[in-house]
Number of protein chains: 2
Amino acid sequence: MEKLKRNERIGALMKVLSDNPNKIYTYNYFTEKFNAAKSTISEDIVIVKGLVEKLELGQIETISGAAGGVKFIPILSKNDIEKFLNDLCNKLSSKDRILPGEFVYMTDILYYPNIAKEIGKIFATHFIDKGIDYVITVETKGIPIALMTAEILNVPLVITRRNTKVTEGSTVNINYVSGSTKKIQTMSLSRRAIKEGTKILIIDDFMKAGGTAKGMQDMVKEFNAEVVGIGVLISTKEPQQKLVDDYISLLILEHVLEKEDRIHIYPNELLRL
Amino acid sequence: MEKLKRNERIGALMKVLSDNPNKIYTYNYFTEKFNAAKSTISEDIVIVKGLVEKLELGQIETISGAAGGVKFIPILSKNDIEKFLNDLCNKLSSKDRILPGEFVYMTDILYYPNIAKEIGKIFATHFIDKGIDYVITVETKGIPIALMTAEILNVPLVITRRNTKVTEGSTVNINYVSGSTKKIQTMSLSRRAIKEGTKILIIDDFMKAGGTAKGMQDMVKEFNAEVVGIGVLISTKEPQQKLVDDYISLLILEHVLEKEDRIHIYPNELLRL
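Predicted model, so just to flag it, every value in this text is computed and none were measured. (Residues numbered from 1 in each chain as written. Chains lettered and ligands numbered in written order. Predicted model: local features only at pLDDT ≥ 70, side-chain atom pairs only at ≥ 80, totals over all residues.)

A few words on the packing of helix α6 (residues 113–127) of chain A against helix α7 (residues 143–153) of chain A. Residue and element names in this part refer to chain A. Taken N-terminus to C-terminus, the directions of α6 and α7 make an angle of 55°; their axes are 7 Å apart at the nearest point. Comparing the axis directions of α6 and α7 gives the class oblique. Along this stretch, α6 crosses α7, giving a crossing that reads as right-handed. Two secondary-structure elements touch here, α6 through A116, K117, I119, G120, K121, F123 and A124 and α7 through P144, I145, M148, T149, E151, I152 and L153. A class-by-class count of the residues in the contact of α6 with α7 yields 9 nonpolar, 2 polar and 3 charged. (Axes fitted to C-alpha atoms, helices over the stretch in contact; angles between N-to-C directions. Helix = DSSP H or I, 4+ residues; strand = E, 2+ residues; numbered from the N terminus. Parallel < 35°, antiparallel > 145°, perpendicular 65-115°, else oblique. Left-handed = near helix turned anticlockwise from the far one by under 90°. Contact = placed C-beta atoms within 7 Å. Nonpolar A, V, L, I, M, F, W, Y, C, P; charged D, E, K, R; others polar.)

See below:
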């Protein structure tokens, strides 16, 4: 390939690193790709590092040694997270979202790629230090935010199903009790989905009593793996006592008042940003 | 913010544009963000445009006029697509993926964020000129590739459910016949999910007889919207006659031979790259 100028290399480096967050690239990868000396690439990386800090996009981490290289860790700033969550609450609390039974229509928002991506970035920012091997969710509404979280953490996504499927091969099935309706439900996951001894992050869109999260915790135990974090987009204020203890929720849904045409939802103040 | 140097602006521009493919950014957005003159940003864009062409990443399109600005259209090169699809076939044809009933275990691959993203890029490359307003899929296995396609096309994703859910509000339900098992199945979608008169791209992971795709087509009709494309990752060679006509399939599954321990899957030669 034609040699690139420095400003072109900076653009190209930025693209490669930010398209593949948390993935380590060796310096050799770039010397070959850009047909440039290692010292040149080193100088480029310094510039990219400065840029990422100036724009508060996260961190560029350089790892020395044989397995060394460089990676981009996207970290949202406190301000960006606050602004995003406030906007999201405004969107979600629009009164035409109230559904019979005091539910809130939110799938349009949950499935919007850019919104799911931002939510994924917030979870990834929060759980980045946990050494996560897999993100797990249960079908269906939580899949987009879980996938985006997994993309940013650069790990596989695992989706537990409500029913056993032939396309999953042999499965582990567990029963769990929905915390709010007290109904017994089933969850099914392919035996091949999770390796023993790995660290798992549970992601879901909504938590009321926490029965589903508890079910996923039990499922993970069946694989001799360890849950190192639980992140949900929205948890209800009541019941305050959930079936799982250690979770973070980005938003709190206080109540949906059908008669008064009002949804009360706000960012979780306990979220350590 | 501190003023950025040219090479930093190029890096930042590249990041913003490639993080948000097919989204139009005004020049004003960048003059304000980077505290730079419009003429400076124009020159920067020219450099980014050249870079994107040199690296065969796609196109930078500048739109003039009041609603004008600049956007990045990721277009994978023929070579990149071929290489990716061949790698994917190698992965999928590993004999330990054969499941009883001559199914293939592939959820680990379908749910891997970077793989789903590449598949999304291929679909987006193929359907970019269709003026798509929504990507639609049916739960569950196709969701990751459909979400990534929607992200790259910068449009919302719509997910039809197998059952009616209270969280969807009033729904449209249709019955359809599975083309291979001849069983009657149901599909449910919120009335709010699709606006009239819009253009829809159907994305799914697998097509045998095409019953599910046909069902989604019927669903879209109920919303007075138009299907402008159908993309599936894998279609089976038999039956050659599917229930939908105009679809593209990235891979063809010829057969799974349980006794001989062999999966025969290859890239679709008819895919116009």
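Next comes the rest of the account.
Turning next to the environment of I200 of chain B. If you trace the backbone, I200 of chain B turns up in strand β9 (residues 199–207). Separated by 168 residues in the primary sequence, I200 of chain B and E32 of chain B have C-alpha atoms spaced 35 Å apart.

Another point: the relation of the copies chain B and chain A. Of the two same-sequence chains, chain B is brought onto chain A (RMSD 0.0 Å, axial shift 0.0 Å) by a rotation of 180°. Look at the turn and shift together and you get a two-fold axis relating the two. Both copies present the same face, since 100% of the interface residues in chain B are matched by interface residues at the equivalent positions in chain A. (Least-squares fit on C-alpha atoms with pLDDT ≥ 70 in both.)

Residues and elements named next belong to chain A. Strand order in the open sheet formed by 6 strands is β6-β5-β9-β10-β11-β12, and the pairing between neighbours is mixed. Lying at the two open borders of the sheet, with one neighbouring strand each, are β6 (157–160) and β12 (262–267). Going from strand to strand, the sheet's axes swing by 25° on average, the running direction of each strand aside. Pairing of strand β11 (residues 248–257) with β12 involves 6 bridges; the strand directions are antiparallel. When the sheet's bridge partners are listed, L257 is paired in β12 with R262. Those strands touched by α7 are β5 (134–138), β6, β9 (199–207) and β10 (226–236), and its axis lies near 180° from that of β5. (Pairing = 2+ DSSP bridges.)

Before going further, it helps to spend a moment on the domain arrangement of chain A. Residues and elements named next belong to chain A. Structurally, chain A comprises domain 1 (6–74) and domain 2 (78–267). Between the C-alpha centres of domain 1 and domain 2 the distance comes to 33 Å. Taken together, the contacts link 6 residues of domain 1 with 6 residues of domain 2. When its residues are assigned to classes, the side of domain 1 that touches domain 2 shows 3 nonpolar, 2 polar and 1 charged. (Domains from an automatic or database assignment.)

Before going further, it helps to spend a moment on the sheet that holds strand β10 (residues 226–236) of chain B. All names here are of chain B. Pairing is mixed across the open sheet formed by 6 strands, whose spatial order is β6-β5-β9-β10-β11-β12. Strands with a single pairing partner mark the edges of an open sheet, and in this sheet they are β6 (157–160) and β12 (262–267). Averaged over all neighbouring strand pairs, the angle between strand axes comes to 25°, with direction disregarded. As paired strands, strand β5 (residues 134–138) and β9 are joined by 3 bridges and run parallel to one another. From the neighbouring strand, I136 faces β9, where its bridge partner is I202. Across the face of the sheet, helix α4 (residues 78–92) comes into contact with β11 (248–257) and β12 while running at roughly 170° to β12.

With that settled, the discussion passes to the interface of chain B and chain A. The interface is formed by 44 residues belonging to chain B together with 45 residues belonging to chain A. Looking at the side of chain B that touches chain A, the elements that each hand over two or more residues are α1 (6–19), α3 (38–54), α5 (107–110), α6 (113–127), α7 (143–153) and β6 of chain B. Top element by residues in the side of chain B that touches chain A is α1 of chain B. It accounts for 10 residues. Taken together, the residues of the side of chain B that touches chain A break down into 22 nonpolar, 9 polar and 13 charged.

All names here are of chain B. An ideal rise of 1.5 Å per residue puts 16 Å on 12 residues; helix α8 (residues 211–222) measures up with 17 Å between its terminal C-alpha atoms. Of all 12 residues making up α8, 9 are buried, and the element is well covered by its neighbours. Taken residue by residue, α8 has G211, T212, A213, K214, G215, M216, Q217, M219 and V220 as its buried positions. Here the buried face of α8 lies against β5, β6, β7 (171–177), β8 (184–190), β9 and β10. Looking at the residues trailing α8, positive phi occurs at N224, about 55°. (Expected span 1.5 Å × (residues − 1). Buried ≥ 20, exposed ≤ 12 C-beta atoms within 10 Å, placed from the backbone.)

All names here are of chain A. Where burial is concerned, most of β9 is hidden: 8 out of the 9 residues are buried. With 8 bridges connecting them, β9 and β10 associate as parallel partners. Bridge pairing in β10 links M207 to S235. Of the crossover connections in this fold, the one passing from β9 over helix α8 (residues 211–222) to the parallel β10 is right-handed. (Right-handed = clockwise from strand over helix to strand, strands pointing away.)

Predicted coordinates in areas of low pLDDT are best not read in detail. Across chain A, pLDDT averages 94, with 99% of residues at or above 70. Across the whole predicted complex the pTM is 0.96, and at the interface the ipTM reaches 0.96. (pLDDT = per-residue confidence, 0-100.)

Here we take up the pairing of β10 of chain A. Residue and element names in this part refer to chain A. With 8 of 11 residues buried, β10 lies mostly within the body of the structure. Judged from the 5 bridges that link them, β10 and β11 form a sheet pairing that is parallel. When the bridges of β11 are listed, I234 appears paired with L251.

Turning our eyes to something else, we now look at the nonpolar core. Formed by 124 residues in total, the largest nonpolar core has its most connected members in V135, V158 and I202 of chain A together with V135, V158 and I202 of chain B. What I202 of chain B contacts, discounting residues up to four positions off in sequence, is I136, A213, M216, V227 and I230 of chain B. Within the second largest apolar cluster, 38 residues are counted, among which are L51 and I60 of chain A together with A12 and L51 of chain B. (Core = buried A, V, L, I, M, F, W, Y, C linked by C-beta atoms within 7 Å.)

A separate point is α6 of chain B. Relative to the 21 Å expected for 15 residues at 1.5 Å per residue, α6 of chain B spans 21 Å between its end C-alpha atoms, a close match to the ideal helical length. Among the 15 residues in α6 of chain B, 12 count as buried, and that is most of the element.

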